[in-house]
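Observations on the model geometry
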Amino acid sequence: FTSDNGPANFPGVALSGGLRGMKDDSFEGGIRVPTIMEWPAVIPNGSYNVSYPMYTNDFLPTIMELLDVSSDTPSWTLDGDSILDVLRDPSTLGHTRRQSPMMWSYMPRGYAYMEHDMKLVADRRYQPGMRTYLFNISADPYEKHDLSDVYPKTKRQLQRKYIRWYSGVMWSQMFETVCIVDRINSYSKLLTFPFILVLIAIAMIWLFCGYFCCCCVCGAGLLPFIPWRKCCCRCNCRRCKRKGQLSASSLFDDDQHYDRMC
């Protein structure tokens, strides 16, 4: 029994227990939820209150280990760890350390990347542009003290790791799924020569707009995995909402804003 996110932002009704943020946030209030597990055949009798860091991506590796099966596509990396040892013997928690990081993406609103105790948070809901934070969740679960200036190297390392992971996710969505192949086969009758020309024209227009007006693309979160694209420009396009407004859409380097005319 668990939840997909923190409480929705209904004043006076939804409570996050003092955690920062709400639903759709990358802060703890948006992603930290209670989880209750009951399994008499595996989990020992009694009640255990554990604080082992885990997330829903851990369920698949756990089930695979229980069934003693391996992936038929080993080149496709699985996110998450098996928590079977924790379920079988909760007393091992004091000697167990999570091996893999945990990642959350709410692009283009923000994202989070947590490795051990350090958590990188990027957020653009509560201020113009994307701002990034660094927290020690064990020492500061309410995310009140930004450690970006204290550990700038750690922050940059987590940013690079998130970019690498997110790029892999985008690659997987485009090329590593049989669903896309099945969909193409089902629509094969539409893939005539005129239809292909239309697709090429749309792609060319999209790339043209993305090059000359980068906030139209990156601002929509379509190309956030390209770190060298500094998407800050004064733009008159519809996506920027207001004519001449500065669109600060830099996702990974909020300390440097580059201004240029579209």
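Above this text is the structure in question.
Let me begin by describing the structure that accompanies this report.

Here is what the cut-offs are and how they apply
Every chain is numbered independently, its residues counted from 1 as its sequence is written. Whole-chain, interface and lining totals are the exception, using all residues; otherwise, since this is a predicted model, local features are given only for residues with pLDDT of at least 70 and side-chain atom pairs are given and counted only at 80 or more. Working from all heavy atoms in the structure, the side-chain values ignore hydrogens and water. Only DSSP runs of H or I reaching four residues or more are called helices, and only runs of E reaching two or more are called strands; each is numbered from the N terminus. The buried label applies to any residue whose accessible area, calculated with a 1.4 Å probe on protein chains only, is under 20% of its type's maximum; exposed applies above 50%, and partly exposed to all values in between. Pairing of N or O atoms within 3.5 Å defines a polar contact, subject to two protein rules: one partner must be a possible hydrogen donor and the other a possible acceptor, and residues neighboring in sequence count only if both atoms are side-chain atoms. It only takes one pair of heavy atoms within 4.5 Å for two residues to be counted as in contact. Only one rule defines a salt bridge in this text: a Lys or Arg side-chain nitrogen within 4 Å of an Asp or Glu carboxyl oxygen. When DSSP finds two or more bridges between two strands, those strands count as paired. Axis angles are defined between N-to-C directions and span 0 to 180 degrees, where every axis is a line fitted to C-alpha atoms and, for a helix, only to the segment in contact. Here, patches come from residues exposed beyond 30% relative accessible area and free of salt bridges, joined within 9 Å for like charges and within 5 Å for nonpolar side chains (Val, Leu, Ile, Met, Phe, Trp, Tyr). Surface accessibility in these figures is a Shrake-Rupley result with a 1.4 Å probe; residues are shielded only by whichever protein chains are displayed. For the purpose of counting charges, residues Lys and Arg are taken to be positive, whereas Asp and Glu are taken to be negative. His and the chain ends are not included. A single reference atom marks each charge: NZ on Lys, CZ on Arg, CG on Asp, CD on Glu. Only rings of Phe, Tyr and Trp enter the pairing, Trp through its six-membered ring, and a pair is recorded when the two centres are within 6.5 Å. The plane angle decides the type: under 30 degrees is stacked, over 60 is edge-to-face, the rest tilted. The nonpolar core is taken to be a set of buried Ala, Val, Leu, Ile, Met, Phe, Trp, Tyr and Cys residues, with the residues joined through side-chain atoms within 4.5 Å.

1. Quick word on the side chain of aspartate 25
Note that aspartate 25 resides in the segment before helix 1 (28-31). Residue classification places aspartate 25 among the buried residues on the basis of a relative accessible area of 0%. There is a polar contact of 2.7 Å between the side chain of aspartate 25 and the backbone nitrogen of methionine 22. Beyond its immediate stretch of four places on either side in the chain, aspartate 25 contacts Gly30, Ile31, Tyr106, Asp123, Arg125 and Tyr126.

2. What about the pattern of salt bridges?
In total, this model carries 6 salt bridges according to the counting rule given. Between lysine 161 and glutamate 115 there is a salt bridge, and its shortest N-O distance comes to 2.8 Å. Of the two residues, lysine 161 is situated in helix 4 (residues 152-175) and glutamate 115 in strand 2 (residues 110-115); the sequence distance between them amounts to 46 residues. The salt bridge involving lysine 119 is made with glutamate 143; its shortest N-O contact spans 2.9 Å. Separated by 24 residues along the polypeptide, lysine 119 in strand 3 (residues 118-123) and glutamate 143 in the loop between strand 4 (131-136) and helix 4 bring together distant segments of the chain. For lysine 119, a relative accessible area of 0% corresponds to the buried category. One network of salt bridges, with partners in common, ties together Glu28, Arg32, Lys119 and Glu143.

3. Topic: the sheet that holds strand 2
Ordered by their spatial adjacency, 4 strands build an open sheet running 1-2-3-4, and the pairing between neighbours is antiparallel. If you trace the sheet from one side to the other, it starts and ends with strand 1 (102-106) and strand 4, each paired once. Averaged over all pairs of adjacent strands, the angle between strand axes in this sheet comes to 10°, irrespective of strand direction. Judged from the 6 bridges that link them, strand 2 and strand 3 form a sheet pairing that is antiparallel. Its bridge partner being in strand 3, glycine 110 is matched across the sheet by aspartate 123.

4. Considerations on a positive patch on the surface
Together, Lys153, Arg156, Arg160 and Arg164 make up a region of like positive charge exposed at the surface. Following the sequence through the fold, arginine 156 ends up in helix 4. Residue classification places arginine 156 among the partly exposed positions, given a relative accessible area of 44%.

5. Concerning the packing of aromatic side chains
According to the stated counting rule, one finds 8 aromatic pairs in the structure shown. Judged by centre distance (5.7 Å) and plane angle (45°), the ring pair of tyrosine 162 and tryptophan 165 falls under tilted. Of this pair, tyrosine 162 and tryptophan 165 both sit in helix 4, 3 residues apart, which is roughly one turn of the helix. When sorted by exposure, tyrosine 162 lands in the same class as tryptophan 165, which is buried. Seen from their ring centres, tyrosine 162 and tyrosine 166 are 5.7 Å apart, and the 25° between their planes marks the pair as stacked.

6. With respect to the nonpolar core
Among the nonpolar cores identified, the biggest contains 27 residues, and Trp104, Tyr111, Tyr113, Phe135, Leu158, Tyr162 and Tyr166 are the most heavily contacted of them. When contributions to this core are tallied by element, the ones reaching two or more residues are strand 1, strand 2, strand 3, strand 4 and helix 4. Here this core takes 5 residues from helix 4, the largest share from any one element.

7. Notes on the environment of lysine 23
With respect to the helices and strands, the residue lysine 23 is situated in the segment before helix 1. Residue lysine 23 is classed as partly exposed on the basis of its relative accessible area of 34%. Placed 16 residues apart in sequence, lysine 23 and proline 7 show a C-alpha to C-alpha distance of 5.3 Å. Excluding its chain neighbours within four sequence positions, the residues that come into contact with lysine 23 are Asn5, Gly6, Pro7, Ala8, Gly30 and Arg125.

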